[in-house]
Amino acid sequence: AREAEVNHGRICMLATTGILVQEVVRLPGDSFSAKYALDAWAQAPRGGMIQILVAIGLMEMVSNRFAITATTMFQNPARVPGDLGFDPLSLGNNPATRAKYELAEVTHGRAAMMGLSGMIHQMIVSKQPVIDQLLHFEPATFPMSTLGGAAGNLGY
């Protein structure tokens, strides 16, 4: 459970940063011109998306020492959840410091998971990028019943 929480927290921290940075900085070319993160996903070249998925798969395989089935992945009792063996600043040498940073990572990961889901839902409802909405707020003018789901059923 901790392994999943740490991994999902790391992904959400990167995704939250990516959504905000992409509104300001973009690669040259029409494929990378979208400011709206939900449009950018569809505009990315197929080859680029495949490269990203292959890189994620390779990182998962290497971090699990190529034990990639559910039965073999967690057999090593010395394995620490989320420890990829990457500590270039040697911050994990001191046990107290390591515990402090592990707690901070889990806490920030939880906040990023909530923040990312909030940003995605805000973009769906407002049809505006996050930073643009903060700078140029426009309230949603359509009836919320058009959203469907629970919001539509409750009459909001």
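Shown above is the structure to which this text applies.
I will try to describe carefully the structure that is included in this document.

Describing the overall build of the protein
Then step 1. The helix and strand inventory of the protein stands at six helices and zero strands.
Then step 2. Overall, the protein shows an N-to-C arrangement of helices and strands of α-α-α-α-α-α.
Then step 3. Nonlocal contacts in the protein, meaning residues at least 24 apart in sequence, comprise 52% of its contacts between residues at least 6 apart.
Then step 4. Accessible surface computed for the protein: about 11300 Å², of which carbon and sulfur atoms make up 67%.

Focus on the environment of R98
Then step 1. As for its placement among the helices and strands, R98 is situated in helix α4 (residues 95–126).
Then step 2. Classification of R98 by relative accessible area gives partly exposed; the value is 28%.
Then step 3. With residues near it in sequence (within four places) discarded, R98 still touches D83, L91 and G92.

Focus on the packing of helix α1 (residues 2–22) against α4
Then step 1. It is the contact of α1 with α4, at a shortest axis distance of 7 Å, that shows an interaxial angle of 50°. In terms of orientation, α1 lies oblique with respect to α4. The handedness of the crossing between α1 and α4 comes out as left-handed. Each of R2, E5, V6, H8, G9, R10, C12, M13, A15, T16, I19 and L20 in α1 lies in contact with α4, whose residues at this interface are E105, V106, H108, G109, R110, A112, M113, L116, M119, I120 and M123.

Here we look at unusual backbone geometry
Then step 1. Positive phi is not limited to glycine here, since S90 has a value of about 55°.
Then step 2. Of note, S90 is situated in the loop between α3 (46–63) and α4.
Then step 3. Judged by its relative accessible area of 40%, S90 is partly exposed.
Then step 4. At K127, a position not held by glycine, the phi torsion is positive, near 60°.
Then step 5. Position of K127 among the secondary structure elements: in the loop between α4 and α5 (130–135).

Let's talk about the packing of aromatic side chains
Then step 1. By the definition in use, this model includes zero aromatic pairs.
Then step 2. A cation over an aromatic ring shows up here: K100 above the ring of Y101, its NZ or CZ 5.4 Å from the ring centre.

Some remarks on the pattern of salt bridges
Then step 1. One pass over the structure, following the stated rule, counts four salt bridges.
Then step 2. The partner of R10 in a salt bridge is E105, and the shortest N-O contact between them spans 2.5 Å. Placement of R10 in helix α1 and of E105 in helix α4 is noted, with a sequence separation of 95 residues between them.
Then step 3. Judged by its relative accessible area of 23%, R10 falls in the partly exposed class.
Then step 4. In the salt-bridge network here, residues are joined through shared partners; they are R2, E5 and R110.

Cut-offs used in this document
Residues numbered from 1 in each chain as written. Predicted model: local features only at pLDDT ≥ 70, side-chain atom pairs only at ≥ 80, totals over all residues. Heavy atoms only, no water. Helix = DSSP H or I, 4+ residues; strand = E, 2+ residues; numbered from the N terminus. Contact = heavy atoms within 4.5 Å. Areas by Shrake-Rupley, 256 points an atom, 1.4 Å probe, with all protein chains shown as cover. Buried < 20%, exposed > 50% of the residue type's maximum accessible area, 1.4 Å probe, protein only. Axes fitted to C-alpha atoms, helices over the stretch in contact; angles between N-to-C directions. Parallel < 35°, antiparallel > 145°, perpendicular 65-115°, else oblique. Left-handed = near helix turned anticlockwise from the far one by under 90°. Phe/Tyr/Trp six-rings, centres within 6.5 Å; stacked < 30°, edge-to-face > 60°. Lys NZ or Arg CZ within 6 Å of the ring centre and 35° of its normal. Salt bridge = Lys/Arg side-chain N within 4 Å of Asp/Glu carboxyl O.

These values are about where atoms sit, not about what they do.
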